[in-house]
Amino acid sequence: MLYVIVGAGRVGLRTARVLRESGHDVTLIERDEGAVERARAAGFDVLDGDGALEETLESANLAEADAIGALTGDLNDNFVACMIGKQYGCRTVMRIDEDYREEIYRRYASDVDEIIYPERLGAIAAKNALLGGNIRAIADIAQHLQLVEFTITDSAPMKGYSLSELELPADTRLLAHGKSDAPLDVPDPDETLDAGDHLVVLADFDALSDVRSIVVGESGPSKALGGA
Amino acid sequence: MVTAYVMVKAHTGDADRLRGEIEGIDGVTEAHIVAGDVDLIVKVSVDTPAAVKDAAATHVQDIEGVESTQTYIAMD
């Protein structure tokens, strides 16, 4: 898969890196000379130019690209890059700079398929680090829906039970289960929950603290789990 | 007649309501939600420069969810 990333700054370059690590081809577009050199030094194909111009995007082989990530710090440039990308049939991902704008772009920007607000993702990571322990928020799926990973502890009430015996509250689904040393997998109802196992649950915010007390048995401020 | 363009920056995602309330202000002829550094651009058409200030500075800024405005008076 070929991906075009506009902006080789802290968000764009990092994204390019993880795409490359997953075996994808990435072309970066960047107009700041210093950033171009840094990205080239890191071994990336970099086009030196303005990613909000069609001719630049054309030379990035946009027609062959699967998706374009408009990840600069400039909202106008990002939006224009997505509009052009859409014309070429690419899936488009746009970085925004303030969280209230997420709603506006979701609603009105029909050329933008996905919106990324890096600070929100950073806040989720920071929250997990602060909470520590056996619960990790993976993502906010929607305003009221969160994806959470729980780790079964020795004191967890569900420890020793099988997955089929696990009864979660309404508005929640068990999506994945993994033994402590194995990758996550589709839940097998016959598996037993041991200490160190991981469970990935999709839950409504209102149900999260119930899920938490059922699975890991801790009571705590459920607010800490709320959206980032 | 004085024509002016008012750039509106919001601090809410509720852009529909903002546009609706802005469109209801006397002198506002058009309001569009835009992509970029500002969230709405509003066209104002009134009799005097003072009325521009009244529409833009006073009425638009009074709307809940408006962060700031910047007004440009057309010279042509």
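Residues numbered from 1 in each chain as written. Chains lettered and ligands numbered in written order. Predicted model: local features only at pLDDT ≥ 70, side-chain atom pairs only at ≥ 80, totals over all residues. Heavy atoms only, no water.

**Examining the overall build of chain A**
- Secondary structure assignment for chain A yields 7 helices and 10 strands.
- Each principal axis of the C-alpha distribution contributes one length, and for chain A these read about 60 × 35 × 30 Å.
- Residues counted as buried form 43% of the 228 residues belonging to chain A.
- Counting only carbon and sulfur atoms, one obtains 48% of the accessible surface of chain A, whose full area is about 11,600 Å².
- Charge-centre separation for chain A: the mean point of 21 positive side chains lies 4 Å from the mean point of 42 negative side chains. (Helix = DSSP H or I, 4+ residues; strand = E, 2+ residues; numbered from the N terminus. Buried < 20%, exposed > 50% of the residue type's maximum accessible area, 1.4 Å probe, protein only. Areas by Shrake-Rupley, 256 points an atom, 1.4 Å probe, with all protein chains shown as cover. Lys, Arg positive; Asp, Glu negative; His and termini not counted. Charge placed at Lys NZ, Arg CZ, Asp CG, Glu CD.)

**Digging into unusual backbone geometry**
- The phi torsion at Asn61(A) lies on the positive side, around 65°, for a residue other than glycine.
- Relative to the assigned elements, Asn61(A) resides in the loop between α3 (54-59) and β4 (67-70).

**Digging into the pattern of salt bridges**
- In total, this model carries 20 salt bridges over all chains according to the counting rule given.
- A salt bridge links Glu102(A) to Arg120(A); the shortest N-O distance between them is 2.7 Å. You can see Glu102(A) sitting in helix α5 (residues 101-108) and its partner Arg120(A) sitting in helix α6 (residues 118-131), a full 18 residues away along the chain.
- Across the pair Lys159(A) and Asp154(A) runs a salt bridge, and its minimum N-O distance is 3.4 Å.
- In the salt-bridge network here, residues are joined through shared partners; they are Asp97(A), Glu98(A), Arg101(A), Lys9(B) and Asp39(B). (Salt bridge = Lys/Arg side-chain N within 4 Å of Asp/Glu carboxyl O.)

**Some points on the domain arrangement of chain A**
- By domain assignment, chain A separates into domain 1 (2-116) and domain 2 (126-225).
- Relative to domain 2 of chain A, the C-alpha centre of domain 1 of chain A lies at a distance of 34 Å. (Domains from an automatic or database assignment.)

**With respect to the pairing of β4(A)**
Residue and element names in this part refer to chain A.
- Here β4 shows no split at all, with Ala67 and Gly69 on one side and Ile68 and Ala70 on the other all buried.
- Here strand β1 (residues 2-6) pairs with β4 via 4 bridges, running parallel. Paired with Tyr3 across the two strands is Ala67, which belongs to β4.
- Pairing analysis gives 4 bridges linking β4 to strand β5 (residues 91-95), with the strands arranged parallel. Considered in β5, the bridge of Gly69 is made with Val93.
- Note on the crossover from β4 through helix α4 (residues 75-87) to β5: the handedness is right-handed. (Pairing = 2+ DSSP bridges. Right-handed = clockwise from strand over helix to strand, strands pointing away.)

**Quick look at the layout of surface pockets**
Residues and elements named next belong to chain A.
- Counted as a void, the largest pocket has a volume near 670 Å³.
- Those elements giving two or more residues to the lining of the largest pocket turn out to be α5, β6 (114-116), α6 and β7 (135-142).
- Here the lining of the largest pocket takes 4 residues from β7, the largest share from any one element.
- Classifying every residue of the lining of the largest pocket by side-chain character gives 11 nonpolar, 3 polar and 7 charged. (1 Å grid on protein atoms, 1.4 Å probe; cavity = no way out; pocket = protein on both sides within 12 Å on 5 of 7 lines; lining within 4 Å. Points joined across faces, edges and corners; volume = space filled by probe spheres on them. Nonpolar A, V, L, I, M, F, W, Y, C, P; charged D, E, K, R; others polar.)

**A look at the nonpolar core**
- By size, the foremost hydrophobic cluster in this structure holds 47 residues, and its most contacted members are Leu62(A), Ile68(A), Met94(A), Tyr105(A), Val8(B), Ile22(B) and Val42(B).
- Residues contacting Leu62(A), with those up to four places away along its chain left out, are Val4(A), Leu57(A), Ile68(A), Ile84(A), Gly85(A), Tyr88(A) and Cys90(A).
- Counting residues in hydrophobic clusters, the runner-up holds 17 residues, among them Leu193(A), Leu199(A), Val201(A) and Val215(A). (Core = buried A, V, L, I, M, F, W, Y, C linked by side-chain atoms within 4.5 Å. Contact = heavy atoms within 4.5 Å.)

**Examining the pairing of strand β1 (residues 2-10) of chain B**
Residues and elements named next belong to chain B.
- Where burial is concerned, most of β1 is hidden: 7 out of the 9 residues are buried.
- Sheet analysis places β1 next to strand β3 (residues 40-46), joined by 7 bridges and oriented antiparallel. Paired with Val6 across the bridge in β3 is Val42.
- Both β1 and strand β4 (residues 66-73) contribute to a ladder of 7 bridges, which runs antiparallel.

**Let's talk about the sheet that holds strand β9 (residues 172-178) of chain A**
Residues and elements named next belong to chain A.
- Across the sheet, 4 strands lie side by side as β7-β8-β10-β9; this open sheet has antiparallel pairing. Of all strands in the sheet, those with a lone pairing partner are β7 and β9, marking the two edges. Shown here is a sheet whose adjacent strand axes are inclined to one another by a mean of 20°, direction ignored.
- Bridge count between strand β8 (residues 145-151) and strand β10 (residues 198-204): 7 bridges; the pairing is antiparallel. Note on β10: the bridge partner recorded for Phe150 is Leu199.
- Sitting on the sheet, α6 is in contact with β7 and β8, with an inclination near 155° to β7.
- Docked against the sheet, helix α7 (residues 205-215) engages β7, β8, β9 and β10, running at close to 150° with respect to β10. (Axes fitted to C-alpha atoms, helices over the stretch in contact; angles between N-to-C directions.)

**A few points about the interface of chain A and chain B**
- Of the residues lining the interface, 11 residues belong to chain A; the matching set on chain B comes to 16 residues.
- Together, the buried faces of chain A and chain B total about 1,100 Å²; carbon and sulfur atoms form 47% of this surface.
- Linking chain A with chain B are 3 salt bridges.
- With its nearest N and O atoms 3.0 Å apart, the salt bridge here joins Glu98(A) to Lys9(B).
- Connecting chain A to chain B are 10 residue pairs in polar contact (both at pLDDT 80 or more).
- When residues of the side of chain A that touches chain B are traced back to their parent elements, those giving at least two are α4 and α5 of chain A.
- If one sorts the elements of the side of chain A that touches chain B by residue count, α5(A) sits on top with 6 residues.
- Of the residues assigned to the side of chain A that touches chain B, the class counts are 6 nonpolar, 1 polar and 4 charged. (Buried area = accessible area lost by both parts, 1.4 Å probe. Polar contact = N/O pair within 3.5 Å; in protein donor to acceptor, adjacent residues only side chain to side chain.)

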